[in-house]
Amino acid sequence: MAATPAAATVPGAAPEPLIRRATSADAEALGYIGPAAYAAVYSYMWDDSTAFARQLATFSAAAFRDLLARADVRGWIAEIGSEPVGFLTMILNSPNPVDAAPNGAEIPRIYLLAGSGRSGLGRRMMDEALAAARAKGLDHVWLAVKGSAEHAQAAYLKWGFELHGMVQTKKPVKAGYEALHIMTRRLG
């Protein structure tokens, strides 16, 4: 899909946000957006600094290069002006962990840097992912959201997702933060 600016640029106005497909050339930018956005929102869940560091390393530039090289992965990046401020990744034909329903896509990560939330960028990236999943003939998209992330759950509900079930994370987070809500959106 083509990049989608929010509106026409007005001289002297703030740069318009842009959503575009992410490529391996974006790995460096994604490698700083990911850990910064994750740490800003979820650091409270970790009391083991080495485990937290390992989690942040899953957002490294090398990890993104490997991920975006996969044929079954799609990614989008949100930019304001020419600055990357967020991203979304999607894995095609990924069964959910509740009932392993086929013909779906997983959204493993959608993150925005602090200051970019409530801007509509997350919704716009999700709309691009939903359109791409439909174009591939998939019938649903799913994601796992932390049980403590009420702000994210509220956004996903607003975007048409429904609670599908719950699982426990295998990551060594603090006691009481193990719940993951599996949310699904049917594509029609």
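The structure we're discussing is the one just above.
A brief structural summary. As the structure is a prediction and not an experimental result, all values here were calculated from the model.

### Some details on the packing of aromatic side chains
1) Next: Scanning the model with the defined rule gives 12 aromatic pairs in all.
2) Next: Note on Tyr38 and Phe59: the rings are 5.5 Å apart at their centroids and 40 degrees apart in plane angle, and the pair reads as tilted. Of this pair, Tyr38 sits in helix 1 (residues 27–42) while Phe59 sits in the loop between helix 2 (49–57) and helix 3 (61–69), and the two are 21 residues apart along the sequence.
3) Next: Residue Phe59 is classed as buried on the basis of its relative accessible area of 0%.

### Describing the environment of Ala39
1) Next: As for its placement among the helices and strands, Ala39 is situated in helix 1.
2) Next: Put simply, Ala39 and Ala53 are 14 residues apart on the chain and 9.8 Å apart in space, counted from C-alpha to C-alpha.
3) Next: In this structure Ala39 touches Phe52 and Leu56, once residues within four positions along its chain are discounted.

The rules behind each value
Residues numbered from 1 in each chain as written. Predicted model: local features only at pLDDT ≥ 70, side-chain atom pairs only at ≥ 80, totals over all residues. Heavy atoms only, no water. Phe/Tyr/Trp six-rings, centres within 6.5 Å; stacked < 30°, edge-to-face > 60°. Helix = DSSP H or I, 4+ residues; strand = E, 2+ residues; numbered from the N terminus. Buried < 20%, exposed > 50% of the residue type's maximum accessible area, 1.4 Å probe, protein only. Contact = heavy atoms within 4.5 Å.

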